[in-house]
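Commentary on secondary and tertiary structure
Read off the chains here:
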Amino acid sequence: MRIISYRRNGEVGIGVMVDDQRFVALANVQPDLPHTLRGLLELGPAGLKAAAAATSGKDGDSTLDEVSLDPVIPEPPAIWCVGLNYVSHREETGSPVSEQPTFFLRIAASQVGHGQPMIRPKASQMFDYEGELAVVIGTGGRHISEAEALEHVAGYACYNDGTIRDWQRHTSQFGPGKNFSATGGFGPWLTTADEVGNPYSQTLTTRLNGEVMQNASIDLMLFRIERLIAYLSTMYPLRPGDVISTGTAGGVGFRRDPPVFLKPGDTVSVEVSGVGTLVNPISDEAP
């Protein structure tokens with residue numbers, strides 16, 4: 001099942017895709033269910049089951065061009081991003097290998113949905129792409145074991161961890177460069193874990209104006225999804241709707257010779273096989 005978060009005429013909703021363009025608006029077939037994906041996940045596994053049952057066999061009643069897509073989880077409890085999680089990216093940055101995963105937080109206002117412009121800010125022209133696989137927590141918990149970690153995953157989506165490189169490097173803390181308004185993309189939909197199957201059999205590909213810039217097997221992750229979930233749940237109880245963006249592969253623009261930065265008129269796509277393709281145009285911050 002593939003589930004979108006959308007807005008239409010100022011109203012939020014969630015929909016279940018029947019193909020790549022058409023979807024069933026959940027409120028039309030089961031109005032008693034929550035109107036946000038986070039709310040649906042907070043019902044536990046029964047929420048996704050109810051959505052599947054309500055939309056099974058239905059023809060699409062809406063199309064993507066009739067709505068504006070929000071980030072998959074517009075207001076997640078937390079957005080945890082993993083740094084330096086592929087050997088190819090560690091090597092291009094010259095970063096040493098660490099025994100523990102590197103995490104930083106993004107805020108909800110820093111992300112946009114599929115088809116929405118990612119914004120190059122006035123403060124910098126060093127706007128870079130980072131294609132990633134995002135994991136969405138469905139069942140929360142504390143002290144989750146690696147053996148049980150994938151049971152807590154609702155599904156997967158594509159993420160573009162857009163970065164303002166000079167601000168990222170103001171200090172040793174990544175946060176400023178990762179949290180400019182509307183610089184990250186999250187979409188196009190949540191593909192449920194049962195549909196994706198083994199996430200490590202999938203491939204991550206980032207394209208800039210159609211040219212492949214990043215390409216890597218998810219299996220090349222240094223810290224696997226199970227480890228990330230176990231590590232975070234040791235800190236605090238994970239909650240339904242928490243997002244873990246699992247890190248980018250080598251090929252980022254900042255490390256190319258000459259560097260390649262995003263500019264207005266560009267289009268970036270992040271494709272994860274078995275999950276979907278997130279596409280965002282690039283615009284400048286409004287005067």
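Up top is the structure.
Below, the structure is looked at part by part.

The rules behind the values
Residues numbered from 1 in each chain as written. Predicted model: local features only at pLDDT ≥ 70, side-chain atom pairs only at ≥ 80, totals over all residues. Heavy atoms only, no water. Helix = DSSP H or I, 4+ residues; strand = E, 2+ residues; numbered from the N terminus. Rg over C-alpha atoms; globule rule 2.2 N^0.38 Å. Buried < 20%, exposed > 50% of the residue type's maximum accessible area, 1.4 Å probe, protein only. Salt bridge = Lys/Arg side-chain N within 4 Å of Asp/Glu carboxyl O. Core = buried A, V, L, I, M, F, W, Y, C linked by side-chain atoms within 4.5 Å. Contact = heavy atoms within 4.5 Å. Polar contact = N/O pair within 3.5 Å; in protein donor to acceptor, adjacent residues only side chain to side chain. Arc of directions from axis to C-beta.

In this section: the overall build of the protein chain. Across its full length, the protein chain holds eight helices and 19 strands. A globule of 287 residues ought to have a C-alpha radius of gyration of about 19 Å, and the protein chain, at 18 Å, matches this closely. Here the C-alpha coordinates of the protein chain stretch approximately 50 × 45 × 30 Å along the principal axes. For the protein chain, the proportion of its 287 residues judged to be buried stands at 53%.

A word on the pattern of salt bridges. Applying the stated criterion to the full structure yields 15 salt bridges. We note a salt bridge from Glu42 to Arg38, for which the minimum N-O separation is 3.2 Å. According to the relative accessible area criterion, Glu42 is partly exposed, its value standing at 48%. Across the salt bridge formed by Asp161 and Lys178, the nearest N and O atoms sit 2.9 Å from each other. Of the two residues, Asp161 is situated in the loop between β12 (153-160) and β13 (163-164) and Lys178 in helix α6 (residues 175-178); the sequence distance between them amounts to 17 residues. Grouping residues by exposure puts Asp161 and Lys178 together as buried. Through salt bridges that share partners, Arg106, Asp128, Glu130, Asp161, Arg165 and Lys178 make up one connected network.

It is worth spelling out the nonpolar core at this point. Grouped together as the largest cluster of nonpolar side chains are 32 residues, with contacts concentrated most on Leu133, Tyr156, Ile225, Ile229 and Ile244. The set of elements that each furnish at least two residues to this core consists of β6 (79-83), β11 (131-137), β12, α8 (225-235) and β18 (267-272). Per-element accounting of this core gives the leading share, four residues, to α8. With sequence-adjacent residues up to four places away left out, Ile225 is seen in contact with Leu133, Val135, Leu150, Tyr156, Pro199, Tyr200 and Thr246. Within the second largest apolar cluster, 25 residues are counted, among which are Met1, Ala51, Val72 and Ala157.

Every buried residue of α8 is accounted for by Ile225, Glu226, Leu228, Ile229, Ala230, Leu232 and Ser233. Looking at the buried side of α8, the elements it contacts are β6, β7 (102-106), β11, β12 and β17 (243-245).

Right, let's talk about the environment of Ala27 for a bit. Locating Ala27 in the fold gives a position in helix α1 (residues 26-29). Counting along the chain gives 177 residues from Ala27 to Leu204, while the straight-line C-alpha distance between them is 33 Å.

Within the secondary structure, Ser62 is located in strand β4 (residues 62-63). Reaching out from Ser62, the side chain makes a polar contact with the side chain of Arg8 at a distance of 3.1 Å. A polar atom in the side chain of Ser62 sits 3.1 Å from the side chain of Asp61. Other than its neighbours up to four places away in sequence, Ser62 contacts Arg8, Gln21, Arg22 and Phe23.

With that out of the way, let us pick up helix α3 (residues 45-55). Turning to α3, its buried residues are Gly47, Leu48, Ala51, Ala54 and Thr55. Angularly, the buried residues of α3 cover 130° about the axis, an arc narrow enough to put them on a single face. Exposed side of α3, more than 90 degrees from the buried face: Pro45, Lys49 and Ala53 are the residues found there. Gly57 lies just past α3 and shows a positive phi near 80°.

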